[in-house]
Amino acid sequence: MRLTDKVALITGAGQGIGRAIAEHYAKEGARVAVADLDLGRAEQVALAIVAAGGSAIALEMDVTDEAAVEQGMAQLVRHWGRLDIALANAGIQHIAPLHKLAFADWNRVLNVHLGGAFLLTRAALQQMYKNGGGSMLFMGSVHSMEASPLKAPYVTAKHGMLGLCRSVAREGAEHGVRSNIICPGFVRTPLVDKQIPEQAKELGISEEEVIRNVMLKHTVDGEFTTLADVSEVAVHLAAFPSAALTGQAVVVSHGWHMQ
Ligand code: NAD
């Protein structure tokens, strides 16, 4: 097992990619705090991990709420006494062309991804600096490197997370903190399933065409990235033994984006 006894906190872990990583971390021996806006979902994930023989707690945490992030972190530290791995994963999408985009929607998307990642980072670094190190992870996207139409706030936020990741790598190094960002292509989760019909409507094409000609068009094999692919990268980055791997973006996208 690659993460034995490590304490990990993952935001937005009530479903989708965050859930898959929480479950994989637990299988690798980590104790996992499953944080989500939706406490019911987080509890279900934590229960499933415990039922499978792992160690997990659920935290109610809206990552845009400063007090909620601080309190969730305090709860975790009361429970396990330390933090080794934190993953800023909570995210939302909003599909709209720029010229019709409401300022409130722009702010909402930036606030969840960037505001949320900052609040988690600050709380996590305070713990990791006390421990003498840790691994900070961010859930970026191919949209940390590329733009697609109709997703301006998401693309902007994901580019911003790359900057935050690199800043943490610079500042955290002297405290033993590494920082990396995972950049997946499209993965079939509720977030993606919701945007297929939205994009079809906005672009005036079929859902099948959205998948084939928009989402997977630039992959080498027309395949979705899987939850298992992303979880494996998340374990690898968390377990990596030295600062040789810090400030890096790992793109996991079936060749959609090649660096
Ligand atoms: P999802 O919608 O399936 O799950 C997101 C989870 O985040 C949900 O459980 C939701 O309750 C939670 N959440 C939303 N707002 C929150 C908030 N303010 N505070 C705390 N939790 C909140 O999404 P997903 O596809 O699993 O995406 C997870 C992350 O991966 C996101 O950052 C997303 O941008 C990124 N990502 C997804 C894909 C993809 O194709 N699915 C690709 C690249 C990157």
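Labelled according to an unreviewed UniProt entry, the protein appears under the name 3-hydroxybutyrate dehydrogenase, originating from Oceanisphaera marina. Turning to the protein, the UniProt record has this under Sequence similarities (unreviewed entry): "Belongs to the short-chain dehydrogenases/reductases (SDR) family."

K.L.:
Before we go on, may I ask you to explain the packing of aromatic side chains in this structure?
P.N.:
Aromatic ring pairs are reported here in terms of the distance separating the ring centres and the angle at which the planes meet. Taken as a whole and assessed by the stated rule, the structure comprises one aromatic pair. Between Phe 186 and Trp 256, the aromatic rings sit 5.3 Å apart at their centres with planes inclined by 5 degrees, giving stacked as the arrangement. Separated by 70 residues along the polypeptide, Phe 186 in the loop between β6 (177-184) and α6 (190-203) and Trp 256 in the segment after β7 (248-252) bring together distant segments of the chain. For Phe 186, a relative accessible area of 9% translates into the label buried. Accessibility expressed as a relative area gives 12% for Trp 256, which makes it buried.

K.L.:
Honestly, the sheet that holds β7 in this entry has me stumped. Any pointers?
P.N.:
The pairing of strands in a sheet happens through backbone hydrogen bonds and is either parallel or antiparallel. The strand order across the open sheet formed by seven strands is β3-β2-β1-β4-β5-β6-β7, and the pairing between neighbours is parallel. Each having just a single partner strand, β3 (55-60) and β7 make up the two edges of the open sheet. Pairwise comparison of adjacent strand axes, ignoring direction, gives a mean angle of 20 degrees for this sheet. Here five bridges tie β6 to β7, and the two strands are oriented parallel to one another. Bridged to Asn 180 within β7 is Gln 248. This element, helix α1 (residues 16-27), spans β1 (7-11), β2 (31-36), β4 (85-88) and β5 (134-139) of the sheet and lies at about 170 degrees to β1.

K.L.:
Help me understand the packing of helix α3 (residues 66-80) against helix α4 (residues 103-131) in this model?
P.N.:
For any two helices packed against each other, one specifies the inter-axial angle together with the distance between the axes. Interaxial distance between α3 and α4 falls to 9 Å at its minimum, and their mutual angle equals 30 degrees. Our classification of the angle between α3 and α4 gives roughly parallel. As for how α3 packs across α4, the hand of that crossing is right-handed. On the side of α3, the interface is formed by Glu 66, Val 69, Glu 70, Met 73 and Val 77, while α4 contributes Leu 119, Leu 120, Arg 122, Ala 123, Ala 124 and Gln 127. When the residues that make up the contact of α3 with α4 are grouped by side-chain class, the tally is seven nonpolar, one polar and three charged.

K.L.:
Help me understand the site of the ligand, please; the structure alone is not making it clear to me.
P.N.:
In the vicinity of the ligand lie 29 residues, with Asp 36, Asn 89, Tyr 154, Val 187 and Thr 189 positioned nearest. Residue Gln 15 places a side-chain N or O atom 3.0 Å away from an oxygen atom belonging to the ligand. Within the contact set of the ligand, a nitrogen atom lies 3.0 Å away from a side-chain nitrogen or oxygen of Asp 62. When the free accessible area of the ligand is taken as 830 Å², the share hidden by the protein chains comes to 94%. Elements that contribute at least two residues to the shell around the ligand include exactly α1, α5 (152-172) and α6. Tallying contributions element by element places α6 first for the shell around the ligand, with three residues.

K.L.:
How do you make sense of the pattern of salt bridges when you look at a structure like this?
P.N.:
In this structure the tally under the stated criterion is eleven salt bridges. A salt bridge links Glu 70 to Arg 122; its shortest N-O distance comes to 3.6 Å. In this pair, Glu 70 is assigned in helix α3 and Arg 122 in helix α4, connecting sequence segments 52 residues apart. According to the relative accessible area criterion, Glu 70 is partly exposed, its value standing at 30%. In this structure, Asp 84 engages Arg 82 in a salt bridge whose closest nitrogen and oxygen atoms are separated by 2.6 Å. Linked by salt bridges that have partners in common, Arg 2, Glu 28 and Glu 232 make up one network.

K.L.:
Please clarify how α4 should be interpreted in this entry.
P.N.:
An α-helix turns once every 3.6 residues. As a result, residues three or four positions apart point the same way. The end-to-end C-alpha separation of α4 is 40 Å, in line with the 42 Å expected for 29 residues at 1.5 Å each. Phi for Gly 132, located one or two positions after α4, is positive at around 90 degrees.

K.L.:
What's the story with the side chain of Gln 127 in this structure? I'm lost.
P.N.:
In this fold, Gln 127 is placed in helix α4. Since its relative accessible area comes to 13%, Gln 127 is described here as buried. Apart from residues no more than four positions distant in its own chain, Gln 127 is found in contact with Met 73, Val 77 and Leu 83.

Basis of the calculations
Residues numbered from 1 in each chain as written. Predicted model: local features only at pLDDT ≥ 70, side-chain atom pairs only at ≥ 80, totals over all residues. Heavy atoms only, no water. UniProt positions renumbered as here; feature names shortened; annotations may be inferred. Phe/Tyr/Trp six-rings, centres within 6.5 Å; stacked < 30°, edge-to-face > 60°. Helix = DSSP H or I, 4+ residues; strand = E, 2+ residues; numbered from the N terminus. Buried < 20%, exposed > 50% of the residue type's maximum accessible area, 1.4 Å probe, protein only. Pairing = 2+ DSSP bridges. Axes fitted to C-alpha atoms, helices over the stretch in contact; angles between N-to-C directions. Contact = heavy atoms within 4.5 Å. Parallel < 35°, antiparallel > 145°, perpendicular 65-115°, else oblique. Left-handed = near helix turned anticlockwise from the far one by under 90°. Nonpolar A, V, L, I, M, F, W, Y, C, P; charged D, E, K, R; others polar. Near = heavy atom within 4 Å. Polar contact = N/O pair within 3.5 Å; in protein donor to acceptor, adjacent residues only side chain to side chain. Areas by Shrake-Rupley, 256 points an atom, 1.4 Å probe, with all protein chains shown as cover. Salt bridge = Lys/Arg side-chain N within 4 Å of Asp/Glu carboxyl O. Expected span 1.5 Å × (residues − 1).

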